[in-house]
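Take a look at the letters that make up each chain.
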Amino acid sequence: MSTVPVTTPVETDIEPPVSLWRDAWHRLRRNRLAVFGLIVVIILAFTAAFGPYLTPHDFLSQDLGARNLAPSMSHLFGTDDLGRDVFSRVVYGTRTAFLVAVVVTFIAVLIGVTLGAMAGFFGGLLDRIVMWLTDMTMSIPNLLLVVVINASLKSPIASWMESRYLATLNPIYRETVWVDFLLVFGSMALISWPPYARLVRAQVLSIRSRPYITAAKALGLTNRIILMRYVVPNALGPLIVAVSAGLGTAMVLESAFSFLGVGVNPPTPSWGNMISDGLRVWQHYPHLLAAPAAILGLASVAFSFLGDGLNDALNPRGAK
């Protein structure tokens, strides 16, 4: 009597598939400059969120008996011409820079993604109109547009707030710093959205003809569902890279506009207006210029390194 041998399935070590984002994270960790940029960005974000509560001095506190002091243990970055602690002002300026960069980039991305996705998906007249708007916006000098917006809108808004204060005696209408932020957010968003629109449009043009988009149309899904569920998510890789670089660009732009007097105005600390104040006396008190300029340069370089690292990590052709 013969017996049939029982065979057992061969056990093989099959690794689970690695997702795109996990694979990108592994590649990003191998890029030392990108890791350095990520660490600096995390530190700056933490400083923007909690730094003003941890500084030893109030950023608005004045001490005329301690004017223009050199850096020391009690004042790490020295003091300015009003005796204010420069370190505390630089830390609060980080919050200003991050707030402007995040809000402006969010608005610009929202406008750019919406217009770019619709232009690339529907094409035709809508595509031509959106591309005409991007070309027209990019042809106007950034500084000129920001100056025109601030000069034409700041005075009427300030007058309206003053009239509302006289009518209601509500002190919130005396907080003119919100006017500065509103104009900065609006004007910078108007000059920042075209690159995102062009990028998303190019991605959508390559995605809309793929088989899964054709299958979604054949199933009767609406254009809105196809755009939101299938088209835009597949265009996020290059967009994330552009956003990381755009945050650093927005910080530099805000500082440049504040430096020229059309951005966030004193007494609200901004790296730009601190650099502008320090530039006038840098020969006698170089710390007033060096501190905010060094932090701005570090933030710009960190976002640049992080953007390059994300570009390499999210680009499958860059994988080794």
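Residues numbered from 1 in each chain as written. Predicted model: local features only at pLDDT ≥ 70, side-chain atom pairs only at ≥ 80, totals over all residues. Heavy atoms only, no water.

1. A look at the environment of Gly120
Here comes step 1: Tracing the sequence through the fold places Gly120 in helix H3 (residues 86-122).
Here comes step 2: In this structure Gly120 comes out as buried when scored by relative accessible area, which is 0%.
Here comes step 3: Taking C-alpha positions, Gly120 is 9.3 Å from Ile207, a pair spaced 87 residues apart along the chain. (Helix = DSSP H or I, 4+ residues; strand = E, 2+ residues; numbered from the N terminus. Buried < 20%, exposed > 50% of the residue type's maximum accessible area, 1.4 Å probe, protein only.)

2. A few points about the packing of aromatic side chains
Here comes step 1: A complete count under the given rule lists 6 aromatic pairs for this structure.
Here comes step 2: Ring centres of Phe59 and Tyr92 lie 4.1 Å apart, and the angle between their planes is 20°; this geometry places the pair in the stacked category. With Phe59 in the loop between helix H2 (32-54) and H3 and Tyr92 in helix H3, this residue pair connects regions lying 33 residues apart in the sequence.
Here comes step 3: Summarising the aromatic geometry, the rings of Phe98 and Phe303 are spaced 6.3 Å apart at their centres and angled 50° between planes, so their arrangement reads as tilted. (Phe/Tyr/Trp six-rings, centres within 6.5 Å; stacked < 30°, edge-to-face > 60°.)

3. Let's talk about a nonpolar patch on the surface
Here comes step 1: The grouping of Leu143, Val147, Phe259, Leu260, Leu279 and Trp282 at the surface amounts to a nonpolar patch, some 510 Å² of accessible area in total.
Here comes step 2: Note on placement: Phe259 falls in helix H9 (residues 236-259). (Patch = residues over 30% accessible without salt bridge, like charges linked within 9 Å, V, L, I, M, F, W, Y side chains within 5 Å. Areas by Shrake-Rupley, 256 points an atom, 1.4 Å probe, with all protein chains shown as cover. Salt bridge = Lys/Arg side-chain N within 4 Å of Asp/Glu carboxyl O.)

4. A closer look at the side chain of Thr105
Here comes step 1: On the secondary structure map, Thr105 appears in helix H3.
Here comes step 2: Here Thr105 falls in the buried class, since its relative accessible area comes to 6%.
Here comes step 3: Here Ala101 takes part through its backbone oxygen, which lies 2.6 Å from a polar atom of the side chain of Thr105.
Here comes step 4: Among residues more than four places away in sequence, those in contact with Thr105 are Val100, Tyr196, Val243, Gly246, Leu247 and Ala250. (Polar contact = N/O pair within 3.5 Å; in protein donor to acceptor, adjacent residues only side chain to side chain. Contact = heavy atoms within 4.5 Å.)

5. As for the packing of H3 against helix H6 (residues 177-207)
Each packed pair of helices is defined by two parameters, the angle between the axes and the distance between the axes.
Here comes step 1: Put simply, H3 and H6 touch, their axes get as near as 5 Å, and they point 40° apart. With respect to their mutual orientation, H3 and H6 come out oblique. H3 and H6 meet at a crossing whose hand is right-handed.
Here comes step 2: Among the residues making up the contact of H3 with H6, the classes are represented as 24 nonpolar, 6 polar and 1 charged. (Axes fitted to C-alpha atoms, helices over the stretch in contact; angles between N-to-C directions. Parallel < 35°, antiparallel > 145°, perpendicular 65-115°, else oblique. Left-handed = near helix turned anticlockwise from the far one by under 90°. Nonpolar A, V, L, I, M, F, W, Y, C, P; charged D, E, K, R; others polar.)

6. Considering H6
Here comes step 1: Taking 1.5 Å as the rise per residue, H6 with 31 residues should run 45 Å; its terminal C-alpha atoms sit 44 Å apart, in good agreement.
Here comes step 2: Most pronounced at Leu190, the bend in H6 amounts to some 35°, and the proline Pro194 follows within four residues. (Expected span 1.5 Å × (residues − 1). Bend = angle between axes of the 7 residues up to and from the residue.)

7. Concerning the side chain of His75
Here comes step 1: Positionally, His75 belongs in the loop between H2 and H3.
Here comes step 2: For His75, a relative accessible area of 12% puts it in the buried group.
Here comes step 3: For His75, the residues in contact, after removing those within four places along its chain, are His57, Leu69, Ala70 and Asp85.

8. Things to note about the nonpolar core
Here comes step 1: Membership of the largest hydrophobic core comes to 46 residues, with the highest contact counts inside it found for Val100, Met188, Met251 and Trp271.
Here comes step 2: Looking at this core, the elements that each hand over two or more residues are helix H1 (20-29), H2, H3, helix H5 (142-168), H6, H9, helix H10 (271-279) and helix H11 (287-314).
Here comes step 3: A total of 10 residues in this core trace back to one element, the largest contributor, which is H11.
Here comes step 4: For Met188, the residues in contact, after removing those within four places along its chain, are Val100, Val104, Ala250, Leu253, Glu254 and Phe257.
Here comes step 5: Counting 18 residues, the second largest nonpolar core, distinct from the first, contains Val113, Ala117, Tyr196 and Leu239. (Core = buried A, V, L, I, M, F, W, Y, C linked by side-chain atoms within 4.5 Å.)

9. Regarding the environment of Ser209
Here comes step 1: Tracing the backbone shows Ser209 in the loop between H6 and helix H7 (211-218).
Here comes step 2: Linking Ser209 and Phe121, residues 88 residues apart in sequence, is a C-alpha distance of 9.5 Å.

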